[in-house]
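# Analysis of the macromolecular model
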Amino acid sequence: MAAMSRLLRAAAAWAARRAGGTGIAGNTGISGIAPRLPGTLVPVRHSSGHGKRMFIIKATSFYDTRFLNLLRFYVFLTGIPAALFITYVNIFIGEAELAEIPEGYVPEYWEYYKHPISRWIARYVLDPPEKDYEKQMALLDIEAKKTEMRLMELQARRLMRHRGDGPWYHYETPDKNLVDNSMKSTPDN
Amino acid sequence: MPEDHDWEAYKVPPTRTPVVESTASVPNPVSFVQTVFNYVIDAPVTFVREWIERQQAKNKFYYYHQKFRRVPDLSECLEGDYLCFFEAEAQWRRDRMVDQEIVEIVRERVGACRQREGPNHLQNCAKEVELLKQVTKAYQDRYGDLGYHGNARTCLMKQKHRMMEERKAAQEKASE
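None of these values were measured; they are calculated from a predicted model.

Once that is clear, we can look at the overall build of chain B. Of regular secondary structure, chain B possesses five helices and one strand. Helices and strands in chain B line up, N terminus first, as α-β-α-α-α-α. For chain B, the proportion of its 176 residues judged to be buried stands at 17%. Taking contacts inside chain B between residues at least 6 apart in sequence as the whole, the part at least 24 apart equals 52%. When the accessible surface of chain B is summed, it comes to about 15,200 Å², and 57% of that surface belongs to carbon and sulfur atoms.

What follows is the structure in structure tokens.
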């Protein structure tokens, strides 16, 4: 502390000498509207215990904090209700227990799932697996019939082109009675 | 909640360590730690868990394992019958999953036996090890080198090749 004040006083004296020396003998340092050199001593109030207040220059964190705040807000907006709902379901409704299929009983298609939310989705949102199966088989059937039709069409095209006795590949040619053979009628042309 | 292991499946025989009468004057600190754990952690957790189970026991419901009907195999499908192919393929995939689970169960049995027997495992686990060997050989024969894109058709072709090899080996043996 004492050393610091001594150093500061020495710095002040050096600065005053540099500034022109008018204040060495008389008043206590720079006064009035004279330009202040960097490093000169100016009276400063130190806040008790915290030290001198500094204006710390660093890059802005405004956009970062804004982004993180918005992210937290929008994630929790649906996250917290969803978490509460799922906790309620898990505690008060609970998962199903595994059991053997009773004699003569055909379980519904949603009774093959364990978690109550999966059961609900399978029951009310998704189609029954039998319907899905039939849909897949229907698509396969349509594609199979299309393949068959295309193969038959190619076969018909090939045969009609070879044999020439079908309605396709029927090119109209002019009648041979219309051909003018007068330039070939005498041998000495 | 994830399922616990089935403790009844691999029964460990009761330990035969004798109860030791402690002759030291300092009490065992482990018992103190055990009582602390019991009161601080075990009792509250058990109380909460049992409360939850009481809430869940009010309306019980069950789930079942689906039983699929057997459909005609790939070898019984006519050519060009894509619907038959589709059903046979689905059935083959289900059978392959079942076989994988079987191999997994036999492997777990060997592991449990090894853990149980300790230093005697080479002698006492011979049956389980033999079973695992047979099961893995059978799985390898059937589904072995089909690769990622293996389907019912490639498996059928592999079976056909296997039968041809067997027939050739039988013929060679008969002609000796």
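Time to look at the overall build of chain A. Helix and strand counts for chain A come out as four helices and one strand. Across chain A, helices and strands are ordered from the amino to the carboxyl terminus as α-α-β-α-α. When the 189 residues of chain A are sorted by exposure, 10% land in the buried category. Here the analysis covers contacts within chain A between residues at least 6 apart in sequence; of these, 17% occur between residues at least 24 apart. If you sum the accessible surface of chain A, you get close to 17,100 Å²; carbon and sulfur atoms cover 62% of it.

All right, on to the nonpolar core then. Residues and elements named next belong to chain B. In terms of nonpolar packing, the biggest core is built from ten residues, these being Leu74, Cys77, Cys84, Phe85, Ala88, Trp92, Tyr143, Leu146, Ala152 and Cys155. Contributing elements (two or more residues each) for this core: α2 (82–117) and α5 (152–175). With four residues, the single largest contributor to this core is α2. Those residues in contact with Ala88 that sit more than four places away from it in its chain are Pro72, Asp73, Leu74 and Cys77. Counting residues in each nonpolar core, the second largest holds five residues, with Val103, Val106, Leu132 and Val135 among its members.

All names here are of chain B. Where α2 contacts helix α4 (residues 126–143), the axes come no closer than 10 Å and their chain directions differ by 155°. One finds that α2 runs roughly antiparallel with respect to α4. Both α2 and α4 take part in a crossing whose hand is left-handed. Within the contact between the two elements, α2 uses Trp92, Asp95, Arg96, Asp99, Gln100, Val103, Val106, Arg107, Arg109, Val110, Cys113 and Arg116 and α4 uses Glu128, Val129, Leu131, Leu132, Val135, Thr136, Tyr139, Arg142 and Tyr143. The residue makeup of the contact of α2 with α4, split by class, is eleven nonpolar, two polar and eight charged.

Residue and element names in this part refer to chain A. Evaluated as defined, the whole model comprises twelve salt bridges over all chains. With a shortest N-O distance of 3.2 Å, Lys146 and Glu143 are connected by a salt bridge. With Lys146 and Glu143 both in helix α4 (residues 129–163) and three residues apart, this pair spans about one turn of that helix. Overall, the relative accessible area of 34% leaves Lys146 in the partly exposed class. What emerges from the salt-bridge pattern is a single network uniting Asp127, Lys131, Asp132 and Lys135.

The next point concerns the confidence of the model for chain B. All names here are of chain B. Mean pLDDT over chain B: 90, with 94% of residues reaching 70 or higher. Ranking the elements of chain B by mean pLDDT puts helix α3 (residues 121–124) last with 89 and α5 first with 95. With pTM at 0.70, the complex prediction returns an ipTM value of 0.77.

Listed as interface residues are 27 residues of chain A and, on the opposing side, 19 residues of chain B. With both chains or domains summed, chain A and chain B bury close to 2,400 Å², and 64% of this area falls on carbon and sulfur atoms. When the buried area of chain A at its contact with chain B is split by residue, Glu97, Leu98 and Tyr112 of chain A rank highest and sum to 22% of it. Taken together, chain A and chain B are joined by one salt bridge. Salt-bridge contacts for Glu97 of chain A lead to Lys60 of chain B; the nearest nitrogen and oxygen are separated by 2.2 Å. If you look at where chain A meets chain B, you find nine residue pairs in polar contact (both at pLDDT 80 or more). Of all the secondary-structure elements, those providing two or more residues to the side of chain A that touches chain B are α2 (62–93), β1 (97–98), α3 (116–124) and α4 of chain A. For the side of chain A that touches chain B, the leading source of residues is α4 of chain A, giving six residues. Pairing of β1 of chain A with strand β1 (residues 62–63) of chain B, which is carried by two bridges, proceeds in the parallel orientation. Across the sheet, residue Leu98 of chain A finds its bridge partner in β1 of chain B, namely Tyr63 of chain B.

Note that Glu89 of chain B resides in helix α2. Among all residues touching Glu89 of chain B, those that are not within four sequence positions of it are Asn151 and Ala152 of chain B.

Rules behind the numbers
- Residues numbered from 1 in each chain as written.
- Chains lettered and ligands numbered in written order.
- Predicted model: local features only at pLDDT ≥ 70, side-chain atom pairs only at ≥ 80, totals over all residues.
- Heavy atoms only, no water.
- Helix = DSSP H or I, 4+ residues; strand = E, 2+ residues; numbered from the N terminus.
- Buried < 20%, exposed > 50% of the residue type's maximum accessible area, 1.4 Å probe, protein only.
- Contact = heavy atoms within 4.5 Å.
- Areas by Shrake-Rupley, 256 points an atom, 1.4 Å probe, with all protein chains shown as cover.
- Core = buried A, V, L, I, M, F, W, Y, C linked by side-chain atoms within 4.5 Å.
- Axes fitted to C-alpha atoms, helices over the stretch in contact; angles between N-to-C directions.
- Parallel < 35°, antiparallel > 145°, perpendicular 65-115°, else oblique.
- Left-handed = near helix turned anticlockwise from the far one by under 90°.
- Nonpolar A, V, L, I, M, F, W, Y, C, P; charged D, E, K, R; others polar.
- Salt bridge = Lys/Arg side-chain N within 4 Å of Asp/Glu carboxyl O.
- pLDDT = per-residue confidence, 0-100.
- Buried area = accessible area lost by both parts, 1.4 Å probe.
- Polar contact = N/O pair within 3.5 Å; in protein donor to acceptor, adjacent residues only side chain to side chain.
- Pairing = 2+ DSSP bridges.

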